[in-house]
Amino acid sequence: MSGSGGGPSTATMQDVQQMIAKKDELEAEIKAFYEVLEDQKNIGMDGPLVDIDGYPRADVDLYQIRTARHNIVCLQNDHKAIMKDIEEALHNLHARDKEKRLKDEAEAQAEALQHNLDLPVPFARVDAVSPGSPASMSGLQVGDEIIAFGSVNSKNFQNLQNIATVVQHSEGRPLSVTVIRDGKSVHLGLTPQRWSGKGLLG
(Lines give C-alpha, C1' and ligand atoms only; values in the text may rest on other atoms or scores of the structure.)
Protein backbone atom coordinates (compact mmCIF):
# COMPACT_ATOMS: atom_id res chain seq x y z
CA MET A 1 0.00 0.00 0.00
CA SER A 2 3.00 2.30 -0.06
CA GLY A 3 2.96 3.26 -3.74
CA SER A 4 5.73 2.67 -6.25
CA GLY A 5 8.46 4.26 -4.13
CA GLY A 6 9.29 1.05 -2.27
CA GLY A 7 7.83 2.11 1.10
CA PRO A 8 6.92 5.37 2.84
CA SER A 9 10.52 6.05 3.86
CA THR A 10 11.66 6.36 0.22
CA ALA A 11 8.40 7.73 -1.22
CA THR A 12 8.47 10.74 -3.52
CA MET A 13 5.80 13.44 -3.75
CA GLN A 14 4.46 11.60 -6.82
CA ASP A 15 4.06 8.43 -4.72
CA VAL A 16 2.20 10.41 -2.07
CA GLN A 17 -0.15 11.79 -4.74
CA GLN A 18 -0.78 8.23 -5.98
CA MET A 19 -1.51 7.11 -2.41
CA ILE A 20 -3.94 10.01 -1.95
CA ALA A 21 -5.68 9.06 -5.21
CA LYS A 22 -5.93 5.44 -3.94
CA LYS A 23 -7.32 6.73 -0.60
CA ASP A 24 -9.97 8.73 -2.50
CA GLU A 25 -10.89 5.60 -4.48
CA LEU A 26 -11.27 3.57 -1.27
CA GLU A 27 -13.46 6.30 0.29
CA ALA A 28 -15.68 6.33 -2.83
CA GLU A 29 -16.02 2.50 -2.69
CA ILE A 30 -16.84 2.57 1.06
CA LYS A 31 -19.47 5.26 0.41
CA ALA A 32 -21.00 3.16 -2.41
CA PHE A 33 -21.30 0.10 -0.12
CA TYR A 34 -22.87 2.23 2.65
CA GLU A 35 -25.42 3.38 0.05
CA VAL A 36 -26.21 -0.30 -0.67
CA LEU A 37 -26.94 -0.77 3.05
CA GLU A 38 -29.11 2.38 3.05
CA ASP A 39 -31.13 0.96 0.15
CA GLN A 40 -31.69 -2.19 2.24
CA LYS A 41 -34.09 -0.40 4.63
CA ASN A 42 -31.18 1.63 6.04
CA ILE A 43 -29.89 -1.49 7.82
CA GLY A 44 -26.35 -0.13 8.26
CA MET A 45 -23.49 -2.18 9.70
CA ASP A 46 -25.33 -3.37 12.82
CA GLY A 47 -28.98 -3.79 11.82
CA PRO A 48 -30.42 -7.29 12.56
CA LEU A 49 -30.51 -9.86 9.75
CA VAL A 50 -33.14 -11.97 11.49
CA ASP A 51 -36.73 -11.13 12.46
CA ILE A 52 -38.18 -11.24 15.99
CA ASP A 53 -38.80 -14.96 15.63
CA GLY A 54 -35.17 -15.61 14.75
CA TYR A 55 -35.78 -16.29 11.03
CA PRO A 56 -33.71 -14.65 8.27
CA ARG A 57 -35.40 -11.44 7.23
CA ALA A 58 -37.38 -11.69 4.02
CA ASP A 59 -37.76 -7.93 3.47
CA VAL A 60 -34.08 -7.34 2.61
CA ASP A 61 -31.40 -8.89 0.37
CA LEU A 62 -29.28 -10.72 2.95
CA TYR A 63 -26.56 -11.70 0.47
CA GLN A 64 -26.15 -8.10 -0.68
CA ILE A 65 -26.02 -6.85 2.92
CA ARG A 66 -23.42 -9.42 4.00
CA THR A 67 -21.28 -8.70 0.93
CA ALA A 68 -21.50 -4.93 1.47
CA ARG A 69 -20.64 -5.23 5.17
CA HIS A 70 -17.70 -7.54 4.47
CA ASN A 71 -16.38 -5.22 1.76
CA ILE A 72 -16.74 -2.15 4.01
CA VAL A 73 -14.67 -3.84 6.77
CA CYS A 74 -11.94 -4.84 4.28
CA LEU A 75 -11.89 -1.43 2.62
CA GLN A 76 -11.77 0.38 5.97
CA ASN A 77 -8.71 -1.71 6.94
CA ASP A 78 -7.08 -0.79 3.61
CA HIS A 79 -8.03 2.86 4.19
CA LYS A 80 -6.48 2.84 7.67
CA ALA A 81 -3.28 1.29 6.28
CA ILE A 82 -2.97 3.78 3.41
CA MET A 83 -3.63 6.73 5.75
CA LYS A 84 -0.73 5.48 7.91
CA ASP A 85 1.47 5.17 4.80
CA ILE A 86 0.54 8.69 3.62
CA GLU A 87 1.30 10.16 7.05
CA GLU A 88 4.64 8.34 7.22
CA ALA A 89 5.58 9.29 3.65
CA LEU A 90 4.75 12.98 4.24
CA HIS A 91 6.73 12.94 7.48
CA ASN A 92 9.74 11.43 5.68
CA LEU A 93 9.43 13.88 2.78
CA HIS A 94 9.47 16.81 5.24
CA ALA A 95 12.41 15.26 7.10
CA ARG A 96 14.31 14.83 3.81
CA ASP A 97 13.49 18.41 2.77
CA LYS A 98 14.70 19.70 6.14
CA GLU A 99 17.88 17.60 5.91
CA LYS A 100 18.55 18.92 2.39
CA ARG A 101 17.89 22.53 3.49
CA LEU A 102 20.28 22.17 6.45
CA LYS A 103 22.90 20.59 4.16
CA ASP A 104 22.52 23.44 1.62
CA GLU A 105 22.79 26.04 4.40
CA ALA A 106 25.90 24.34 5.81
CA GLU A 107 27.47 24.25 2.33
CA ALA A 108 26.64 27.93 1.75
CA GLN A 109 28.17 28.84 5.13
CA ALA A 110 31.29 26.79 4.37
CA GLU A 111 31.55 28.49 0.98
CA ALA A 112 31.16 31.95 2.56
CA LEU A 113 33.77 31.06 5.18
CA GLN A 114 36.17 29.88 2.48
CA HIS A 115 35.49 33.08 0.54
CA ASN A 116 36.22 35.14 3.66
CA LEU A 117 39.46 33.23 4.18
CA ASP A 118 40.46 34.17 0.63
CA LEU A 119 39.83 37.89 1.27
CA PRO A 120 42.74 40.05 2.45
CA VAL A 121 42.65 41.41 6.00
CA PRO A 122 41.14 44.94 6.08
CA PHE A 123 43.38 47.68 7.49
CA ALA A 124 40.79 50.42 8.02
CA ARG A 125 37.04 50.80 8.56
CA VAL A 126 34.80 53.59 7.28
CA ASP A 127 33.16 55.22 10.31
CA ALA A 128 31.49 58.20 8.60
CA VAL A 129 30.71 59.43 5.08
CA SER A 130 29.59 63.05 4.57
CA PRO A 131 26.66 63.50 2.16
CA GLY A 132 27.72 65.07 -1.14
CA SER A 133 31.42 64.36 -0.51
CA PRO A 134 33.77 62.63 -3.02
CA ALA A 135 33.67 59.53 -0.76
CA SER A 136 29.86 59.53 -0.82
CA MET A 137 29.76 60.06 -4.63
CA SER A 138 32.06 57.05 -5.13
CA GLY A 139 29.61 54.77 -3.28
CA LEU A 140 31.70 54.33 -0.13
CA GLN A 141 29.49 53.36 2.84
CA VAL A 142 29.77 53.45 6.61
CA GLY A 143 30.94 50.02 7.79
CA ASP A 144 32.98 49.29 4.63
CA GLU A 145 36.29 47.65 5.53
CA ILE A 146 39.14 48.84 3.32
CA ILE A 147 41.55 46.23 1.90
CA ALA A 148 43.11 48.39 -0.84
CA PHE A 149 43.29 52.16 -1.25
CA GLY A 150 45.23 53.14 -4.36
CA SER A 151 48.75 51.74 -3.78
CA VAL A 152 48.08 51.06 -0.07
CA ASN A 153 47.05 47.52 0.89
CA SER A 154 47.04 45.34 4.00
CA LYS A 155 50.64 44.24 3.30
CA ASN A 156 52.23 47.73 3.15
CA PHE A 157 49.82 49.71 5.38
CA GLN A 158 51.45 51.19 8.50
CA ASN A 159 49.12 53.97 9.63
CA LEU A 160 46.40 56.33 8.34
CA GLN A 161 49.11 58.76 7.20
CA ASN A 162 49.75 56.31 4.31
CA ILE A 163 46.20 56.94 3.05
CA ALA A 164 46.47 60.71 3.59
CA THR A 165 49.65 60.79 1.47
CA VAL A 166 47.99 58.83 -1.36
CA VAL A 167 44.97 61.17 -1.25
CA GLN A 168 47.11 64.35 -1.43
CA HIS A 169 49.10 63.01 -4.39
CA SER A 170 45.94 61.90 -6.22
CA GLU A 171 43.82 65.08 -6.17
CA GLY A 172 41.59 65.10 -9.26
CA ARG A 173 42.75 61.62 -10.31
CA PRO A 174 40.64 58.46 -9.81
CA LEU A 175 41.88 55.97 -7.24
CA SER A 176 40.98 52.30 -7.14
CA VAL A 177 39.52 51.40 -3.75
CA THR A 178 38.54 47.87 -2.68
CA VAL A 179 36.39 47.26 0.38
CA ILE A 180 34.76 44.30 2.09
CA ARG A 181 30.99 44.79 2.32
CA ASP A 182 28.61 42.06 3.53
CA GLY A 183 31.42 39.51 3.31
CA LYS A 184 32.18 40.32 -0.35
CA SER A 185 34.88 42.46 -1.93
CA VAL A 186 33.54 45.55 -3.70
CA HIS A 187 35.62 47.70 -6.08
CA LEU A 188 35.04 51.47 -6.20
CA GLY A 189 36.53 54.38 -8.14
CA LEU A 190 37.23 57.36 -5.86
CA THR A 191 38.52 60.74 -7.05
CA PRO A 192 39.90 62.93 -4.20
CA GLN A 193 38.91 66.57 -4.85
CA ARG A 194 37.96 69.79 -3.13
CA TRP A 195 34.29 70.09 -2.21
CA SER A 196 32.15 72.28 0.10
CA GLY A 197 33.23 70.24 3.17
CA LYS A 198 36.51 69.45 4.86
CA GLY A 199 39.35 67.52 3.21
CA LEU A 200 39.48 65.87 -0.22
CA LEU A 201 37.36 62.81 0.63
CA GLY A 202 34.68 63.61 3.21
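Residues numbered from 1 in each chain as written. Predicted model: local features only at pLDDT ≥ 70, side-chain atom pairs only at ≥ 80, totals over all residues. Heavy atoms only, no water.

- The chain appears in an unreviewed UniProt entry as 26S proteasome non-ATPase regulatory subunit 9 from Staurois parvus.

## A short note on the layout of surface pockets
One simple way to see leftover space: roll a probe sized like a water molecule over the atoms.
Moving on, step 1. As a volume, the largest pocket reaches approximately 320 Å³.
Moving on, step 2. As for the largest pocket, its lining consists of 14 residues, of which Arg-125, Val-126, Asp-127, Ala-128 and Ile-146 are closest to the centre.
Moving on, step 3. For the lining of the largest pocket, the elements supplying multiple residues, two or more each, are β1 (124-125), β2 (145-149) and α4 (160-169).
Moving on, step 4. Residues belonging to the lining of the largest pocket are distributed by class as follows: 11 nonpolar, 1 polar and 2 charged. (1 Å grid on protein atoms, 1.4 Å probe; cavity = no way out; pocket = protein on both sides within 12 Å on 5 of 7 lines; lining within 4 Å. Points joined across faces, edges and corners; volume = space filled by probe spheres on them. Helix = DSSP H or I, 4+ residues; strand = E, 2+ residues; numbered from the N terminus. Nonpolar A, V, L, I, M, F, W, Y, C, P; charged D, E, K, R; others polar.)

## Examining the pairing of β2
Moving on, step 1. In terms of burial, β2 is a largely internal element, 4 of the 5 residues being buried.
Moving on, step 2. By the bridge criterion, 2 bridges tie β1 to β2 in an arrangement that is antiparallel. Across the sheet, Arg-125 pairs through a bridge with Glu-145, a residue of β2.
Moving on, step 3. Direction of pairing for β2 relative to strand β4 (residues 175-181): antiparallel, over a ladder of 4 bridges. The residue of β4 that forms the bridge with Ala-148 is Thr-178.
Moving on, step 4. Pairing of β2 with strand β3 (residues 152-153), which is carried by 2 bridges, proceeds in the antiparallel orientation. If you follow Ala-148 over to β3, its bridge partner there is Asn-153.
Moving on, step 5. In this antiparallel pair of consecutive strands, β2 and β3, the connection spans 2 residues, and Gly-150 shows a positive phi of 60°. (Buried < 20%, exposed > 50% of the residue type's maximum accessible area, 1.4 Å probe, protein only. Pairing = 2+ DSSP bridges.)

## Things to note about the pattern of salt bridges
Moving on, step 1. On inspection of all chains with the given rule, the structure shows 10 salt bridges.
Moving on, step 2. A salt bridge links Glu-35 to Lys-31; the shortest N-O distance between them is 3.1 Å. Note that Glu-35 and Lys-31 are positioned in helix α1 (residues 13-39) at a spacing of 4 residues, about one turn of the helix.
Moving on, step 3. Of the charged contacts, one joins Lys-84 and Glu-88 as a salt bridge, the two residues approaching to 3.4 Å between their closest N and O atoms. Within this pair, Lys-84 and its partner Glu-88 are both found in helix α2 (residues 62-118), separated by 4 residues, close to a single helical turn.
Moving on, step 4. Residue class for Lys-84 comes out exposed when judged on its relative accessible area of 53%.
Moving on, step 5. Overlapping salt bridges, with partners in common, bring together Lys-23, Asp-24 and Glu-27 in one network. (Salt bridge = Lys/Arg side-chain N within 4 Å of Asp/Glu carboxyl O.)

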